[in-house]
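Understanding the architecture of this molecule
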Amino acid sequence: MKMETLLAAKELQNIKLIAGHQGLKRNVQLIGMIEAPDIESYLFADQLLVTTGYHYYQDVNLLKLLIKKMAAANCAGLGIKANRYFKKIPQDVIQLAESLCFPLLLTPAKESLSKTVSSLIKVVIQSDALKLSRVIQQNQRLSRLALNNTRFNIFLDQCAAYLQHDIVLLDSHFRVCYSNQSLSQQQAQISGSLRRESRINYFSLTEEATVKLAERQLRIIPLMVMYPENKSFIGIFDLEKSTSMQQLQLQQIQNIISLMNSRTDVIKEDIIHRCNDFFVNVLAGKIRQDLIEQQAEQNQIKLTDDCLCAICGLKPAKRGGILFLKQTEQTRRLADWFIDEYAIKAATYILQHQLVLVIAATQNAEHFLKALAAFLKQTIGKQFLLKIGLSHSSLPITKLTKIYQEAQEAYTLAEQSKILIQRFRPKKVSELLQLIPQNEAESFINETLGPLFKIKNKQEAADLIQTLRLYIYNHQQINLVAKQLFIHRNTVVYRLNKTADILGVNFEDPEIIQRLLLALLLYVEK
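Described in the following lines is the structure provided in the data block. (Residues numbered from 1 in each chain as written. Predicted model: local features only at pLDDT ≥ 70, side-chain atom pairs only at ≥ 80, totals over all residues. Heavy atoms only, no water.)

Overview of the overall build of the protein
Helix and strand counts for the protein stand at 17 helices and 15 strands. In terms of C-alpha radius of gyration, the protein reaches 42 Å, well past the compact-globule figure of 24 Å for 526 residues. Summarising its shape, the C-alpha atoms of the protein cover approximately 145 × 50 × 40 Å along the three principal directions. The 526 residues of the protein split such that 45% are buried. Sequence-distant contacts in the protein: of pairs separated by 6 or more residues, those separated by 24 or more amount to 65%. For the protein, the exposed surface amounts to about 28,800 Å²; the carbon and sulfur share of it is 51%. Taken as two groups, the 63 positive and 49 negative side-chain charges of the protein have centres that lie 5 Å from each other. (Helix = DSSP H or I, 4+ residues; strand = E, 2+ residues; numbered from the N terminus. Rg over C-alpha atoms; globule rule 2.2 N^0.38 Å. Buried < 20%, exposed > 50% of the residue type's maximum accessible area, 1.4 Å probe, protein only. Contact = heavy atoms within 4.5 Å. Areas by Shrake-Rupley, 256 points an atom, 1.4 Å probe, with all protein chains shown as cover. Lys, Arg positive; Asp, Glu negative; His and termini not counted. Charge placed at Lys NZ, Arg CZ, Asp CG, Glu CD.)

In structure tokens form, the structure reads like this:
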């Protein structure tokens, strides 16, 4: 309580203020009695001391020194018993107290010092009890508001009224979500100033911080949250130093808003799970077209917009390590935070312990993924290795299956290499041929070209196969084949006729040419 409030109590009307009138705004919490001359070593802020003056009446300089030290320690004041050892307080002592704005009191001469101290303590305790009762009532009102699902702005209006300070609720990006009414038109301005000028790493902030905004001080207090990636903060303006009661109020407000916030987090998690189910069902083809359109709009991705797909996966850096679902879910929350921080047009979901991102084709997907990977690696540390596969095609959500398959194949390639981000590329003909099982390829080659392999003269067999290959590769241009082989045109014709007789085929048949081409390609690859 303030000194002016203390001295206004009826029980203390006989205590007179003789100096330090400008110091009546000092707080008083502790009452003490001077019983030893070395009290200067045991001074506390907000402490009111009373004395008979026994240790000081023979040396006024000691009393002046005590007053100076008490003022420097931010004590509440000093009371001296009237007409005990000091028949009159020296004028220079009064002037000193007045110059230091330090309250100097005269306690009743006819009242024992212990009785005076008891009366002072009683008034302070009654004041604290009244304040505590008021704080409890306020907490009950705030708790009822929270239980009744009161809107945040209305709740913060009540908090601001109790604290007598403006208050805001900040999200994990230092953006104002809600505020009391007097700040409702300044939310965007406060958000912009905080993000530009605070120089605080709000993603990692876990302790109280104070920032200056224009001519005001904003005290930022982290709230308790379900997940560290979904931080929230309350910001209180111009509350540089709080009393014990204000600290109690703040703790109660912090706890209740944390509870309200956790309820919001549960709703958000439910939305995330429904979003996840949506994408999984789209991949499986188990969702109607109209529902795809509706959900796509909820994810801010238009059905007609082309998208790319990326797959992010973690694997333990050390052999024998285990990857749990919680690590993948944490990666998703981190990715969601990053997407929200930089306003990326993308959506996330989890499938088979992998983070899947659907990215609008208008974004620079590779640049975004490189930045996201750098952010994730800083957070997850060296315990896990990160790999990313990105689709080559960009297609609407309705064709998610195709771009997901591309991303999955690219991710598999990334896992097998040292590359962090692997983009899918269409396979070359030779790579496609490698996908045919060896036994099937050999069976097809023998069925199509087998008679040529049975020729006893291996050089002749090689010449016939080479001539046939160039004949088909050069679109059956005999002159071009002769030029490439450095032989006469008639020699080419002779070899082709002999090959046709051995294989029993007609080179004028397009289907025969296709089979021969495929067999020759497989023969070269295998």
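Read on, since the account is not over.
Concerning the packing of aromatic side chains
In this structure the tally under the stated criterion is 15 aromatic pairs. Ring centres of F174 and Y202 lie 5.0 Å apart, and the angle between their planes is 25 degrees; this geometry places the pair in the stacked category. On the criterion of sequence distance, the pair formed by F174 in the loop between β6 (167-170) and β7 (176-179) and Y202 in the loop between α6 (187-197) and β8 (209-213) is long-range, its members being 28 residues apart. In terms of burial, F174 and Y202 fall into one category: buried. When the ring of W337 is compared with that of F375, the centres are 5.5 Å apart and the planes differ by 15 degrees; the resulting orientation is stacked. Of the two residues, W337 is situated in helix α9 (residues 325-341) and F375 in helix α10 (residues 365-380); the sequence distance between them amounts to 38 residues. For the residue pair W337 and F375, the accessibility class agrees, reading buried in each case. Through a chain of ring-to-ring contacts, three or more aromatic side chains come together here, namely F203, W337, F338, Y342, F368 and F375. The ring of F203 carries K231 above its face, with NZ or CZ at 5.4 Å from the centroid. Taking the ring centre of Y227 as reference, the NZ or CZ of R333 above it sits at 3.8 Å. (Phe/Tyr/Trp six-rings, centres within 6.5 Å; stacked < 30°, edge-to-face > 60°. Lys NZ or Arg CZ within 6 Å of the ring centre and 35° of its normal.)

A word on helix α15 (residues 478-485)
Among the residues of α15, I478, V481, A482 and L485 are the ones counted as buried. Summarising the axial view, the buried residues of α15 lie within an arc of 100 degrees, below the 170-degree limit, and thus occupy one face. Seen from the open side of α15, the exposed residues pointing more than 90 degrees away from its buried face are N479 and K483. The positive-phi residue at the C-terminal boundary of α15 is F486, with phi of around 60 degrees. (Arc of directions from axis to C-beta.)

Re the sheet that holds β7
Overall, antiparallel pairing links the five strands, which are arranged β7-β6-β10-β9-β8 in an open sheet. Because the sheet does not close on itself, it has two edges, and the strands there are β7 and β8. Sheet twist, expressed as the mean angle between neighbouring strand axes with direction ignored, is 25 degrees. Across five bridges, the pairing between strand β9 (residues 216-222) and strand β10 (residues 233-237) is antiparallel. Bridge pairing in β10 places I221 opposite I234. Helix α7 (residues 244-284) rests against β6, β9 and β10 of the sheet, and its axis sits at about 60 degrees to β9. (Pairing = 2+ DSSP bridges. Axes fitted to C-alpha atoms, helices over the stretch in contact; angles between N-to-C directions.)

Considering the sheet that holds strand β2 (residues 30-33)
Spatial ordering of the open sheet is given by β1-β5-β4-β3-β2, a layout of five strands whose pairing is mixed. Either end of the sheet is taken by a strand with one partner, and the two such strands are β1 (16-19) and β2. Each adjacent strand pair in this sheet contributes to an overall mean axis angle of 25 degrees, direction not counted. When β2 meets strand β3 (residues 47-51), the two strands line up parallel, connected through four bridges. Each bridged residue has a counterpart across the sheet, and for I31 the counterpart in β3 is L48.

Remarks on the packing of helix α13 (residues 438-453) against helix α14 (residues 458-473)
Contact geometry of α13 with α14 gives a least axis separation of 9 Å together with a crossing angle of 140 degrees. Considering their axes alone, α13 and α14 lie oblique with respect to each other. Residues L449, L452 and F453 of α13 form the contact with α14, whose own contacting residues are K458, A461, L464, I465 and L468. Taken together, the residues of the contact of α13 with α14 sort by class into seven nonpolar, no polar and one charged. (Parallel < 35°, antiparallel > 145°, perpendicular 65-115°, else oblique. Nonpolar A, V, L, I, M, F, W, Y, C, P; charged D, E, K, R; others polar.)

Quick look at helix α11 (residues 400-415)
Its 16 residues give α11 an end-to-end C-alpha distance of 22 Å, which sits within 8% of 22 Å, the value for a rise of 1.5 Å per residue. Contact partners of the buried residues in α11: α7, β11 (307-316), β12 (346-351), β13 (354-360), β14 (384-390) and β15 (421-423). (Expected span 1.5 Å × (residues − 1).)

So, the side chain of S191
Within the element layout of this structure, S191 appears in helix α6. Given a relative accessible area of 9%, S191 falls into the buried group. Look past the residues within four positions of S191 in its chain and what remains in contact with it is F174, R175 and V176.

Looking at the pattern of salt bridges
Evaluation of the coordinates by the stated rule reveals 17 salt bridges. Ionic pairing is found between R195 and E341, a salt bridge with its closest N-O pair at 3.2 Å. Of this pair, R195 sits in helix α6 while E341 sits in helix α9, placing them 146 residues apart in sequence. For R195, a relative accessible area of 31% translates into the label partly exposed. (Salt bridge = Lys/Arg side-chain N within 4 Å of Asp/Glu carboxyl O.)

Overview of a nonpolar patch on the surface
Residues L30, Y42 and F44 make up a contiguous nonpolar surface patch of about 330 Å² in total accessible area. Along the chain, F44 turns up in the loop between β2 and β3. Overall, F44 belongs to the partly exposed group, its relative accessible area being 48%. (Patch = residues over 30% accessible without salt bridge, like charges linked within 9 Å, V, L, I, M, F, W, Y side chains within 5 Å.)

Focus on the state of the cysteines
By definition, a disulfide links the sulfur atoms of two cysteines through a covalent bond. Taken as a whole, this structure holds zero disulfides when the rule is applied. Looking at C177, it has no disulfide partner, and the nearest cysteine sulfur is the one in C159, 15 Å off. Free of any disulfide, C275 has its nearest neighbouring cysteine sulfur in C307, separated by 12 Å. Judged by relative accessible area, which is 7%, C275 ranks as buried. (Disulfide = S-S within 2.5 Å.)

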